[in-house]
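Coordinates in review
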Amino acid sequence: MTIPSTPILDTVDVYGRVTRWLHWSIALLLAWQFLGMGLKLIFGRQPFLAPLVGSHQPVGTVLFVLIVLRVIWAVVNRRNRPRHGNGLLGIAAVTGHGLLYLAMVMVPCVALLRAYGSERAFAPFGFEIFPARATEIGWMVDLGGLLHGELGWVLGALILGHVVMVGIHETMWRDGTLARMTRAGS
Ligand code: HEM
């Protein structure tokens, strides 16, 4: 018996290894971000939340890099991915995924724009990416302040919808949707 191994690139049947690695590492880091911000919302800035809240900006920066790679990888594989069907559900799935991508890109982008325009230096993991500036760039700071948190929660709601839909696929329709991103197969 030969055990099917997961291909590196995506196919029309399954997502490949690179897509899976990007998908699950981004999911894990996003969960970390939402856990930290959710607990901060409930309890306020408590000392016991310092590791979660204090890592928000560096983890968000890593997420930004992974999300950019994910978008590039999705474009490279666009003709070779599992299809979602042509009906209304297929259109809904494609639209939902498109919105997820859009929010995933915009949330860290507006935060980084705010960090760039801010008077304070931005140095995730101790590496200075944006030096301190004498005067802030008002519109960048304002845009980040206006959109980052709100879009962050919109992204959270979209992820929740995504998870619920996978649950429906698994329990009601039993069409193997989750397996495309988890089980071995060529
Ligand atoms: C995909 C990555 C990210 C997600 C999902 C995310 C999500 C969030 C959420 C949900 C909040 C809570 C807003 C509230 O208090 O209501 C927040 C706050 C915050 N985030 Fe992020 N974030 C990400 C990346 C970043 C990055 C890269 C930076 C820094 C450059 C950053 C800086 C901040 C700061 C300073 C706050 C606190 C106050 C505020 O701006 O509203 N985040 N983030």
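These figures come from a predicted structure and were not determined experimentally. (Residues numbered from 1 in each chain as written. Predicted model: local features only at pLDDT ≥ 70, side-chain atom pairs only at ≥ 80, totals over all residues. Heavy atoms only, no water.)

Things to note about helix α3 (residues 56-76)
Put simply, the test is: Helical segments are the DSSP runs of H or I of at least four residues, strand segments are the runs of E of at least two, and each set is numbered from the N terminus. Expected span, for any helix, means 1.5 Å times one less than how many residues it has. Partly exposed describes any residue whose relative accessible area lies between the buried limit of under 20% and the exposed limit of over 50%, with all areas from a 1.4 Å probe on protein chains only and scaled to the type maximum. What makes two residues a contact is simply this: any of their non-hydrogen atoms within 4.5 Å.
Here α3 spans 30 Å end to end across 21 residues, near enough to the 30 Å set by a 1.5 Å rise per residue. When α3 is considered as a whole, its buried residues turn out to be His 56, Pro 58, Val 59, Gly 60, Thr 61, Leu 63, Leu 66, Ile 67, Arg 70, Trp 73 and Ala 74. Where the residues of α3 are buried, they touch α1 (17-43), α2 (50-54), α4 (88-117) and α5 (138-173).

Section: the site of the ligand
Our working definition: Residues are labelled near a given molecule or strand when at least one of their non-hydrogen atoms is within 4 Å of it. Polar contacts here mean pairs of N or O atoms no more than 3.5 Å apart (in protein, one a potential hydrogen donor and the other a potential acceptor; neighbouring residues in sequence count only if both atoms are side-chain atoms). For each structure, a 1 Å grid was placed over the protein atoms alone; sets of points admitting a 1.4 Å probe that cannot get out are labelled cavities, open sets with protein on both sides within 12 Å along at least five of seven lines are labelled pockets, and lining residues have an atom within 4 Å of a point. Any molecule with more than half of its atoms within 2 Å of a cavity's or pocket's grid points is regarded as sitting in that cavity or pocket.
The local shell around the ligand holds 19 residues, among which Met 37, His 56, Arg 114, His 148 and Trp 153 are the closest. Between Arg 114 and the ligand, the recorded distance is 2.7 Å, taken from a side-chain N or O atom to an oxygen atom. Contact distances for the ligand include 2.8 Å between an oxygen atom and a side-chain N or O atom of Trp 153. Assessed atom by atom at 2 Å from the grid points, the ligand resides in the second largest pocket. Counting only elements with at least two residues in the shell around the ligand, the list comes to α1, α3, α4 and α5.

Focus: the packing of α1 against α3
Keep this limit in mind: Each axis is a line fitted through C-alpha atoms, taken for helices only over the stretch in contact, and angles between the N-to-C directions span 0 to 180 degrees. We call two directions roughly parallel when the angle between them is under 35 degrees, roughly antiparallel when it is over 145, roughly perpendicular when it lies between 65 and 115, and oblique otherwise. Crossing handedness follows the turn of the near helix against the far one: under a right angle anticlockwise gives a left-handed crossing, and clockwise gives a right-handed one.
The geometry of α1 relative to α3 is characterised by a closest axis approach of 10 Å and an angle of 150° between their N-to-C directions. When the interaxial angle is binned, α1 and α3 end up roughly antiparallel. Crossing angle aside, the handedness with which α1 passes α3 is left-handed. Taking contact as the criterion, the partners of Val 18, Thr 19, Trp 21, Leu 22, His 23, Ser 25, Ile 26, Leu 29, Leu 30, Trp 32, Gln 33 and Met 37 in α1 are, on α3, His 56, Val 59, Gly 60, Val 62, Leu 63, Leu 66, Ile 67, Leu 69, Arg 70 and Trp 73.

Some thoughts on the pattern of salt bridges
The condition that has to hold: By definition here, a salt bridge exists when the distance from a side-chain nitrogen of Lys or Arg to a carboxyl oxygen of Asp or Glu is within 4 Å.
Taken as a whole and judged by the stated rule, the model has 1 salt bridge. For Arg 81, the salt bridge goes to Asp 10, with nearest N and O atoms at 2.8 Å. Pair noted here: Arg 81 is in the loop between α3 and α4 and Asp 10 is in the segment before α1, with a separation of 71 residues, a long-range link. Of the residues examined, Asp 10 reaches a relative accessible area of 3% and is grouped as buried.

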